[in-house]
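Single-letter residue listing:
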Amino acid sequence: MRLSLILRESIAQVQKLIKDDLNILKVDKYVINLKAGSGGSGLARYDGVGGRGGNIYFVAKPSLAFSDIKKRLKNKMKIRAENGESATKTSLIGQHAKHQLFDVPIGIEVVNRTDNTLIARCSKPFHRYMIARGGEGGHSKMSYKSVFEYRLQKKNWITFRGARGETIDVELHLKLRPNIGLLGFPNAGKSTLLKALVPEKSVKIADYAFTTVNPQVAFWKNETDDGEFGEPAFTLSVADLPGIIEGASMNRGKGYKFLKHLEYADVIVMVVDCQGFQLKNELDCPFRTPLESIALLNREVELYNEKLAKKPVVCVLNKIDTLDSEQLTSISKLSSALVSGKWTDEVPDTMRPKINMRFEHVVQLSAKSGEIKQFKKVLALMRNHLHALQDVKEETERQKKVRRFI
Ligand SMILES: Nc1nc2c(ncn2[C@@H]2O[C@H](COP(=O)(O)OP(=O)(O)OP(=O)(O)O)[C@@H](O)[C@H]2O)c(=O)[nH]1
Ligand SMILES: [Mg+2]
């Protein structure tokens, strides 16, 4: 009995290790209901003031894992702060409630579920972020509406009701911060490319759409000290994401929820199948040429967030081993058009993006063959930009105005 228990535990441990090795991100969002404390009641006859309700703060802690959030809330996904004390005849100033502090892993984003606005980006270690505000205590200067009477020991007391604490549903988002994010339609060869970069990593590759169901991260080390490309050794994190499809912004396929992991990527690597793309061999799934695939990916990205479409992109035209010489010529033409920025000229109007992505480099390769020297070279070149490319800065209103007058 005991032996089987030990065995079961060790199997579980090994399984966990395997999972860690794969670095697969299973959960990247939680929804939590928050209720800040309401203010205590004030007492009219004696001008008593109720205590303030407690606020809810999130504190960014470096040592926490995202999955700890659920454990620490004991699966209830609710956080409550205490109400303020009411004023009484013997204590005319009600005590303020204690604030509720909740530790969260560093870097998470807190979004209001109702209006989809960002409340906080918890990025500074040990900093407190106010998420829900407690209500003010009741007092005589409050509006008439907050006044109410109640009977206590046969006397009529007039009290001022404290304000209610904020009640909100928030989403906690974990976003990867990779140097390189792989973007593409299903089956384009994103995972194959990751495997070619980091051969020791276990990666699931298969000839059907949506093989990758969760984002996964690997680290590519350019270990040659003497510098294979004249560079000192360096490491880049690469995130392989599940494929998105046309209409992802309308929540087709798996939607575009995984695109959030590209928001902090320094460089986007767009992987395109040189043979084109068709999700299924059915009438409602039209065939898309490589050029159309690029335009449609560009469109989906900008519909998600225009900032993403402004990031530097490396386009990988994959599976060139499957092309004949005529197709190879047309892929080379496409490469030149992408680099020159004139690639949208031939895109049908219905597929043309608003913001054309900037293709810093275009590489033709066969990820399956593992011969990706040119691609590694391009990554090494892009590496020089990595620090400067942390995040695309929004143009401020002032800058826009200034530009208008120039
Ligand atoms: N001939 C050829 N086949 C390739 C190449 N790269 C990938 N493939 C094949 O294409 C299929 C899809 O590859 P994956 O790497 O799983 O594609 P993916 O983009 O990760 O797909 P999803 O995870 O579904 O989004 C597999 O059968 C691969 O073997 C290539 O360069 N040449
Ligand atoms: Mg994949």
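Residues numbered from 1 in each chain as written. Chains lettered and ligands numbered in written order. Predicted model: local features only at pLDDT ≥ 70, side-chain atom pairs only at ≥ 80, totals over all residues. Heavy atoms only, no water.

Moving on to the sheet that holds strand β7 (residues 117-121). Spatial strand order, β4-β1-β11-β6-β7: five strands in an open sheet with mixed pairing. The sheet is open, and its two edges are formed by β4 (78-80) and β7, each paired on a single side. Averaged over all neighbouring strand pairs, the angle between strand axes comes to 30°, with direction disregarded. (Pairing = 2+ DSSP bridges. Helix = DSSP H or I, 4+ residues; strand = E, 2+ residues; numbered from the N terminus. Axes fitted to C-alpha atoms, helices over the stretch in contact; angles between N-to-C directions.)

The next thing to look at is the side chain of Glu300. Within the fold, Glu300 resides in helix α4 (residues 290-304). An unpaired buried charge is present at Glu300: no salt bridge exists, and Arg299, the closest side chain of opposite charge, is 5.9 Å distant. Beyond its immediate sequence surroundings of up to four residues, Glu300 is in contact with Ile244, Ile245, Glu246, Gly247, Ala248, Ser249, Tyr256 and Leu259. (Buried < 20%, exposed > 50% of the residue type's maximum accessible area, 1.4 Å probe, protein only. Lys, Arg positive; Asp, Glu negative; His and termini not counted. Salt bridge = Lys/Arg side-chain N within 4 Å of Asp/Glu carboxyl O. Contact = heavy atoms within 4.5 Å.)

With seven of its seven residues buried, strand β16 (residues 312-318) lies for the most part within the structure. Residues Pro312, Val314, Val316 and Asn318 line one face of β16 and the alternating positions Val313, Cys315 and Leu317 line the opposite face, and both faces are buried. Where β16 lies against strand β17 (residues 358-364), six bridges are found, and the strand directions are parallel. Pairing of Cys315 across the sheet is with Val362, part of β17. Note that the unit made of β16, helix α6 (residues 325-340) and β17 has a crossover that is right-handed. (Right-handed = clockwise from strand over helix to strand, strands pointing away.)

A separate point is the site of ligand 1. Around ligand 1 sit 23 residues in total, of which Lys190, Thr192, Phe210, Thr211 and Thr212 are the nearest. Between ligand 1 and Lys190 there is a distance of 2.8 Å, counted from an oxygen atom to a side-chain nitrogen or oxygen. Lys319 places a polar side-chain atom, nitrogen or oxygen, 3.1 Å from an oxygen atom of ligand 1. Coverage of ligand 1 by the protein amounts to 92% of the 650 Å² it exposes when considered alone. For the shell around ligand 1, the element with the highest residue contribution is helix α3 (residues 190-197), accounting for three residues. Here the shell around ligand 1 is composed, by residue class, of eight nonpolar, 10 polar and five charged. (Near = heavy atom within 4 Å. Polar contact = N/O pair within 3.5 Å; in protein donor to acceptor, adjacent residues only side chain to side chain. Areas by Shrake-Rupley, 256 points an atom, 1.4 Å probe, with all protein chains shown as cover. Nonpolar A, V, L, I, M, F, W, Y, C, P; charged D, E, K, R; others polar.)

Attention now moves to the coordination of the magnesium ion (ligand 2). In an ideal octahedron of six donors the angles at the metal are 90 or 180 degrees, and in an ideal tetrahedron of four donors they are 109.5 degrees. Donor atoms from the polypeptide that bind the magnesium ion (ligand 2) are Ser191 (OG) and Thr212 (OG1), placed at 1.9 to 2.1 Å. Linking Ser191 in helix α3 with Thr212 in the loop between α3 and β13 (216-222), this pair joins segments that are 21 residues apart in sequence. With relative accessibility at 11%, the residue Thr212 sits in the buried group. (Donors = N, O, S within 2.8 Å, 3.2 Å for Na, K, Ca; no water.)

Applying the stated rule across the entire model yields one cavity of 30 Å³ or more. Lining the largest cavity, in full, are Leu182, Leu183, Gly184, Lys190, Leu241, Pro242, Ile244, Phe258 and Leu259. Looking at which element gives the most residues to the lining of the largest cavity, the answer is strand β12 (residues 180-184), with three residues. Along the lines of polarity and charge, the residues of the lining of the largest cavity split into seven nonpolar, one polar and one charged. (1 Å grid on protein atoms, 1.4 Å probe; cavity = no way out; pocket = protein on both sides within 12 Å on 5 of 7 lines; lining within 4 Å. Points joined across faces, edges and corners; volume = space filled by probe spheres on them.)

Right, let's get into a positive patch on the surface. Taken together, the side chains of Lys35, Lys74, Lys76, Lys78, Arg80, Arg161 and Arg164 present a region of like positive charge at the surface. Within the secondary structure, Lys78 is located in strand β4. (Patch = residues over 30% accessible without salt bridge, like charges linked within 9 Å, V, L, I, M, F, W, Y side chains within 5 Å. Charge placed at Lys NZ, Arg CZ, Asp CG, Glu CD.)

Our next topic: the sheet that holds β12. Pairing in this open sheet of six strands is mixed, and the strands run β13-β14-β12-β15-β16-β17 from one edge to the other. Single-partner strands in this sheet number two, and they are β13 and β17. When strand polarity is set aside, the average angle formed by the axes of neighbouring strands in this sheet is 25°. Bridging between β13 and strand β14 (residues 234-240) involves seven bridges; their strand directions are antiparallel.

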